[in-house]
Amino acid sequence: MSDYKELLEVLLTGDGEKLETLVKEALENGVAANEILNQGLIASMDVVGARMESGEMFIPEVLMSAQAMGGAVEILKPLLSEEDSAVAGKVVLGTVKGDLHDIGKNLVAMMLESAGFEVIEMGVDVTPEKFVEAIKDNDADILALSALLTTTMPMMAQTVKTIEESGIRDTVKILVGGAPVNQTFADEIGADGYAPDAGSASKLAKTLLKKSAYGSIQTN
Amino acid sequence: MLNRLQSLDRARTERLHSACMEVLNKTGILFNEPEAVEIFKANGFRVDGNKVYFEEEQVMNALKTAPSEFTIRARNPEKSVRIGGDHFVLSPGWGAPFIVDAAGDSRAATMADADNLCKLVQTSPHLDMIASAMVPPKDLNAKTAMAELLAACFTLTDMPLTTNPCSRENAIETIEMASIVWGSREAATASPVSIVSVNPTSPLTYSPEAAGGLIELARGGQALLISSMVMAGLSGPITLAGTAVLEMAESLAGIVLAQLVNPGVPCVCGGTSCSADLRFCSASIGSPELVKLMAISTQMSRFYGLPCRYGGGLTDAHFPDMQAGMESTLNIALSLVSGAHYMHQACGILGSYTEMSFEKFVLDEEIGGMVKRAISPVEISDETLALDAIDRVGCGGSFLMEPMTAKRCRSEFFMPKVSMRETYEKWNSNGRADVTKAAEKHVQDRLAAYVKPDMDPGIEKDLKAYIVAKANA
Ligand code: B12
């Protein structure tokens, strides 16, 4: 099957049930699972991503599409090879100690997940030590830190420092974000990247790991 | 009287009230602060873990002790303000980490900016209160930042205070520092010398900091602004009726707690809820949805007999341009028209609360001044009806030569400090400078004209010592 027009249309509407039916039909017609995944779902999700960026699609609509995609991927998973189903990367994500803002962080989590990352959610008010522990326990590729208060921005610096001191700095890329944070600050504290919104956060995560996130999916 | 702005009749008011009571009773409010939960328990509220459930009677009983208007004392008694009833106040923008300058460049705010903002407030013709942390400066030590900002308010101005962002520690330092300024804890706590903004975390949650700060300040007899910022579609239902109910339930829950801690402690309810722009998931504070929510909130506050917070010089724009002007004017004007009593964030804000502009600060001030003037009642008396003059000038004459015109020409009308009213030619020959340029100059003039109000040097020394002790703690 080479024409995924209908699949794209259904994904754009976020109708999970219909999407699953289409995927099952394709399988019944003998299309390979990894082809449905790559040429069908992932290519369509790229269109969703582009439409989000251009403002044509609203974020709640994007999330519905992502959810529909997740359901369809579940059907394909048992049929995919190990390599096809590797996660895009593991991200430990949290709001730094002293800060309770989590709406933006949660949105970053949703976007990362819909881009194929496995997100280890640490919540808010997270100490540097807890971040270190989570990176080690999960063998994470990326640490994503959120702060919305000027008074908690130094805690970002502190977290980066604690990670350096614990000797795992080389194993993990550090992303920072939140309203008072900017690129200058990210550079100052030695983070690997800054993104102003959730859409660019997941893009940045992908470029940092130099992997196509949609080229792989979650295993668990 | 015809009021097109979401006017609520009895039936709609009662529907909103009962919805609010249902949320408080059925869904409950999470208080992540053990002391708060204990207080509710001790007062017979149904509690499950950290969730507190409210009976309508318990809410209405607690509200009985909350005053419908009150005074916040200023260091200069002439500047003390009354909030509630017919009285309202404007308090400046607050909490913006960045400064956007007259060229549109953005940078992190510094302590020098914070001081300059204090000076603008002290010289303001229209603002009623000073606020600490108008900009939280990046160049301060996080340990002492809030105390330093408070000290700046106390020393650089003699105005009534909107205090630090609310946390237990900030609450304690507010009371301790106010005690230094007022001479003793008794003097600072006998009646409010400050008001603080307590923010529930929507939906339906009080963080330990918010609840802890609330308890501490209620005990210390300070006024509390317990208002929610629900973002419809994000932290509240996308439908405004649901978001209005959520906001009210959260606000009332905190006010009930304050009344249990210290019956009679002044509380302002309301919010600054808005729509989320769901293309980006950002707070949209320049939206007409904020105005709709405001109109509901001011009316419901009246129903509960409480003063209401809403509105401000609010915009999502990043420069004091036409968009900023449109959105800020819409917000300031309609909130004051609708009867908001406490306007937090009345001037300077850009970028959905993330940026402060000195130029916009004075422009918003001017909007506030214009609206104050527009809503002040027209005096109707023998003198102002001017029937003699009308008769004397008759059909087709001019009033320019009337003695009354000369007598009143400086005072009768609002005189803008920044807006331009001259001819096209004048504007053109001035390099077509827009109002931001005029504002930039006005800011400089104001800072140059600033005079520090008197303060006992002993008090100033003690405030400094307090900060040093905090740094070393
Ligand atoms: C909503 C809000 C709240 C809610 C939070 C609800 C919640 N569950 O999070 C409530 C009302 C509880 C709240 C409380 C407080 N707040 Co507040 N809040 C805001 C507000 C208006 C919007 C934040 C928001 O959710 N935006 C929507 C989301 C989607 O956007 P976002 O958070 O910016 O996230 C996006 C990007 O920044 C980025 N991003 C975020 N995190 C990350 C992480 C990574 C790794 C990356 C790459 C990207 C990224 O992607 C996100 C999605 O696109 C901001 C102002 C503003 N416009 O930012 C103030 C603001 C951040 N708050 C402020 C303050 C002062 C407070 C309080 C101290 C006030 C008080 N009186 O108690 C408390 C703090 C309590 C605490 N200890 O944390 C100040 C901060 C000033 C400062 N820099 O120091 C601000 C700027 C407002 C102001 N002018 O006063 N707040």
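Not measured: the values here are computed from a predicted model.

Engineer: What is the right way to read the site of the ligand from this model?
Structural biologist: Surveying the vicinity of the ligand reveals 43 residues, the closest of which are His101(A), Asp102(A), Gly95(B), Ser352(B) and Tyr353(B). Around the ligand, the nearby residues trace back to chains A and B. At 2.9 Å, a backbone N or O of Ala198(A) approaches an oxygen atom of the ligand. In the environment of the ligand, a nitrogen atom lies 3.1 Å from a nitrogen or oxygen atom belonging to the backbone of Gly95(B). Taken together, the elements giving at least two residues each to the shell around the ligand come down to helix H5 (103-114), strand E3 (142-146), strand E4 (173-177) and helix H9 (198-209) of chain A. Ranked by residues supplied to the shell around the ligand, first place goes to H5(A) with four residues. Counted by class, the shell around the ligand contains 27 nonpolar, 13 polar and three charged residues.

Engineer: Please clarify how the environment of Pro208(B) should be interpreted in this entry.
Structural biologist: Residue and element names in this part refer to chain B. Tracing the backbone through its elements, the reader meets Pro208 in helix H8 (residues 208-219). Taking the C-alpha atoms as reference, Pro208 lies 8.2 Å from Arg168; in sequence the two are 40 residues apart. Ignoring sequence-local partners within four residues, the contact set of Pro208 consists of Asn32, Glu33 and Gly213.

Engineer: Would you take a moment to explain a nonpolar patch on the surface for this structure?
Structural biologist: All names here are of chain B. The grouping of Val378, Ile380, Leu385, Leu387, Ile390 and Phe399 at the surface amounts to a nonpolar patch, some 630 Å² of accessible area in total. Inspection of the secondary structure assignment puts Leu385 in helix H13 (residues 382-385). Leu385 sits in the partly exposed class, given a relative accessible area of 42%.

Engineer: Sorry if this is basic, but what is going on with the interface of chain B and chain A here?
Structural biologist: The parts lose accessible area when they come together, and the size of an interface is often stated as this lost area. Between chain B and chain A, the residue contacts involve 16 residues of the former and 16 residues of the latter. Across the interface of chain B and chain A, roughly 1,300 Å² is buried in total on both sides, 77% from carbon and sulfur atoms. Considering only the side of chain B, the residues that lose the most area to chain A are Phe98(B), Lys138(B) and Arg279(B), jointly responsible for 36% of the buried surface there. Taken together, chain B and chain A are joined by one salt bridge. Its salt-bridge partner being Glu188(A), residue Lys138(B) comes within 3.3 Å of it at the nearest N-O pair. Between the two partners, chain B and chain A, sit two residue pairs in polar contact (both at pLDDT 80 or more). Considering only residue class, the side of chain B that touches chain A consists of eleven nonpolar, three polar and two charged.

Engineer: Please clarify how the coordination of the cobalt atom of the ligand should be interpreted in this entry.
Structural biologist: The reference angle at a metal is 109.5 degrees if four donors form a tetrahedron and 90 or 180 degrees if six donors form an octahedron. Within the protein, just one atom coordinates the cobalt atom of the ligand: His101(A) (NE2), at a distance of 2.3 Å. Along the chain, His101(A) falls in the loop between strand E1 (90-95) and H5.

Engineer: Could you clarify how one ought to interpret the domain arrangement of chain A in this entry?
Structural biologist: All names here are of chain A. Structurally, chain A comprises domain 1 (5-79) and domain 2 (90-214). Using only C-alpha atoms to locate each centre, domain 1 and domain 2 end up separated by 28 Å. Contacts between the two partners involve ten residues from domain 1 and, on the opposite side, seven residues from domain 2. Regarding the contact of domain 1 and domain 2, the summed buried area is about 730 Å², with carbon and sulfur atoms giving 75% of it. Counting across the interface, domain 1 meets domain 2 through one salt bridge. The salt bridge partner of Glu53 is Lys203, with a shortest N-O separation of 2.9 Å. Joining domain 1 to domain 2, the criterion identifies one residue pair in polar contact (both at pLDDT 80 or more). For the side of domain 1 that touches domain 2, the secondary-structure elements that each account for two or more residues are helix H3 (33-54) and helix H4 (59-76). Residue contributions to the side of domain 1 that touches domain 2 peak at six residues, all from H3. In terms of residue class, the side of domain 1 that touches domain 2 is made up of seven nonpolar, one polar and two charged.

Engineer: For this particular structure, what's the right way to read the nonpolar core?
Structural biologist: Generally speaking, soluble globular proteins have nonpolar side chains that are buried together. In this structure, Leu24(B), Phe31(B), Phe54(B), Tyr206(B) and Leu224(B) are the most contacted members of the largest nonpolar core, which totals 178 residues. Of all the elements, helix H9 (residues 240-261) of chain B adds the most residues to this core, at 13 residues. Among the domains, domain 1 (5-79) and domain 2 (90-214) of chain A are the pair contributing at least three residues each to this core. Counting residues in hydrophobic clusters, the runner-up holds 25 residues, among them Val92(A), Val132(A), Ile168(A) and Ile189(A).

Engineer: Help me understand the pairing of strand E13 (residues 223-226) of chain B in this model?
Structural biologist: Regular strands place their side chains on alternate faces of the sheet. Residue and element names in this part refer to chain B. Judged by which residues are buried, E13 turns out to be covered on both faces: Ala223 and Leu225 on one side and Leu224 and Ile226 on the other are all buried. Bridge count for strand E11 (residues 194-198) against E13 is four bridges, and the pairing is parallel. Across the sheet, the residue bridging to Ile195 is Ala223, located in E13. In this sheet, strand E15 (residues 267-270) lies alongside E13 in parallel orientation, the contact comprising two bridges. Counted as the bridge partner of Leu224 is Cys267 from E15.

Definitions and limits used
Residues numbered from 1 in each chain as written. Chains lettered and ligands numbered in written order. Predicted model: local features only at pLDDT ≥ 70, side-chain atom pairs only at ≥ 80, totals over all residues. Heavy atoms only, no water. Near = heavy atom within 4 Å. Polar contact = N/O pair within 3.5 Å; in protein donor to acceptor, adjacent residues only side chain to side chain. Helix = DSSP H or I, 4+ residues; strand = E, 2+ residues; numbered from the N terminus. Nonpolar A, V, L, I, M, F, W, Y, C, P; charged D, E, K, R; others polar. Contact = heavy atoms within 4.5 Å. Patch = residues over 30% accessible without salt bridge, like charges linked within 9 Å, V, L, I, M, F, W, Y side chains within 5 Å. Areas by Shrake-Rupley, 256 points an atom, 1.4 Å probe, with all protein chains shown as cover. Salt bridge = Lys/Arg side-chain N within 4 Å of Asp/Glu carboxyl O. Buried < 20%, exposed > 50% of the residue type's maximum accessible area, 1.4 Å probe, protein only. Buried area = accessible area lost by both parts, 1.4 Å probe. Donors = N, O, S within 2.8 Å, 3.2 Å for Na, K, Ca; no water. Domains from an automatic or database assignment. Core = buried A, V, L, I, M, F, W, Y, C linked by side-chain atoms within 4.5 Å. Pairing = 2+ DSSP bridges.

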